[in-house]
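What follows is each chain in one-letter form.
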Amino acid sequence: MIQWVISIISVAVGLALPMYLMSGESLSFEMQYGLTAVSEIFMIGIPALVFWTDCFQDRDALRRAFPKQTPDRIGLTMLSAVGFTIVGMVITVLWMSVLSMFHYSPKQLMMANPQTHTQLLLAVLAASIIPAACEEMLFRGVLMRFASGKWGDNAAIWVTAVLFAALHFSVPGFPMLFMIGVILARLALTYKGLTLPFIFHAMYNFSAVVINRYGAAP
């Protein structure tokens, strides 16, 4: 019961922050990314930690969740994530062309583009590393463990992938996010932990930040 109470309070705090971001007030780059990171921690990270560690009583839970991996696996995972950045862009463009036939015009919050090296580092931390850690603990950690125990590993892959895509609340990004969810779930099950899913997720986010920074989107 205490797990749900802590999680509900944490999610409520996290939900209030995006509302401030979308209030129309002009926020500095640091405030935009800082609020985004803190919101991610409260909405996803803390609830995931509460359930994963049984209200922080199991202190070794995170160590077990992130086992060591060989350098070649880490390197291939990073390269795959960078490659999928381009694949994801193609999928999104094709999906947007389908949506446009139905006169769908998405309205999404646009974050400021980093202009300096310091801002780029902040963007990588707030939009790459923190979301990857929080979301992997929740989706490939807590939710996959629950779904695998209830319906088996194969069903858990598809269930968590759908939830991962849906809970990003992005219609334009749904197919791409769904595919990433499947890849991350496969990595978690095949390599028995969250190390490689976290690396893939963080590297994918990092690639997107760098592409936006330098205007290199094809």
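Described in the following lines is the structure provided in the data block. Predicted model only: the values in this text are computed from it and were never measured.

Reading the values: the criteria
- Residues numbered from 1 in each chain as written.
- Predicted model: local features only at pLDDT ≥ 70, side-chain atom pairs only at ≥ 80, totals over all residues.
- Heavy atoms only, no water.
- 1 Å grid on protein atoms, 1.4 Å probe; cavity = no way out; pocket = protein on both sides within 12 Å on 5 of 7 lines; lining within 4 Å.
- Points joined across faces, edges and corners; volume = space filled by probe spheres on them.
- Helix = DSSP H or I, 4+ residues; strand = E, 2+ residues; numbered from the N terminus.
- Nonpolar A, V, L, I, M, F, W, Y, C, P; charged D, E, K, R; others polar.
- Axes fitted to C-alpha atoms, helices over the stretch in contact; angles between N-to-C directions.
- Parallel < 35°, antiparallel > 145°, perpendicular 65-115°, else oblique.
- Left-handed = near helix turned anticlockwise from the far one by under 90°.
- Phe/Tyr/Trp six-rings, centres within 6.5 Å; stacked < 30°, edge-to-face > 60°.
- Buried < 20%, exposed > 50% of the residue type's maximum accessible area, 1.4 Å probe, protein only.
- Lys NZ or Arg CZ within 6 Å of the ring centre and 35° of its normal.

**Structural notes on the layout of surface pockets**
Phase 1 of the analysis: The computed volume of the second largest pocket comes to approximately 310 Å³.
Phase 2 of the analysis: In terms of lining, the second largest pocket is formed by 15 residues, of which the most central are Trp 52, Arg 140, Arg 145, Lys 192 and Gly 193.
Phase 3 of the analysis: Within the residue set of the lining of the second largest pocket, elements represented by two or more residues are helix 3 (61–65), helix 5 (117–151) and helix 7 (174–190).
Phase 4 of the analysis: A total of five residues in the lining of the second largest pocket trace back to one element, the largest contributor, which is helix 5.
Phase 5 of the analysis: Residues belonging to the lining of the second largest pocket are distributed by class as follows: seven nonpolar, three polar and five charged.

**What to know about the packing of helix 5 against helix 8 (residues 195–214)**
Phase 1 of the analysis: Orientation of helix 5 relative to helix 8, taken along the N-to-C sense of each, is 150°, at an axis distance of 8 Å. In this view, helix 5 runs roughly antiparallel relative to helix 8, as classed from their interaxial angle. The element helix 5 and its partner helix 8 pack so that their crossing is right-handed.
Phase 2 of the analysis: Its residues placed into classes, the contact of helix 5 with helix 8 shows 14 nonpolar, four polar and four charged.

**Examining the packing of aromatic side chains**
Phase 1 of the analysis: In total, this model carries eight aromatic pairs according to the counting rule given.
Phase 2 of the analysis: Ring centres 6.4 Å apart and planes at 50° place the aromatic pair Phe 84 and Phe 200 in the tilted group. Of this pair, Phe 84 sits in helix 4 (residues 71–100) while Phe 200 sits in helix 8, and the two are 116 residues apart along the sequence.
Phase 3 of the analysis: On the accessibility criterion, Phe 84 (9% relative accessible area) is buried.
Phase 4 of the analysis: Between Trp 158 and Phe 178, the ring centres sit 5.9 Å apart and the planes meet at 25°, which makes this aromatic pair stacked. In this pair, Trp 158 is assigned in helix 6 (residues 153–166) and Phe 178 in helix 7, connecting sequence segments 20 residues apart.
Phase 5 of the analysis: Judged by relative accessible area, Trp 158 falls into the partly exposed class, the value being 44%.
Phase 6 of the analysis: For Phe 178, a relative accessible area of 21% translates into the label partly exposed.
Phase 7 of the analysis: An aromatic cluster is present here, built from Phe 84, Phe 200 and Tyr 204 joined pairwise through their rings.
Phase 8 of the analysis: Over the aromatic face of Phe 164 sits the side chain of Arg 140, whose NZ or CZ is 4.4 Å from the ring centroid.
Phase 9 of the analysis: In this structure, Arg 145 is placed above the aromatic ring of Trp 52, and the distance from its NZ or CZ to the ring centre is 4.4 Å.

These results come straight from atomic positions and should not be treated as a statement about function.
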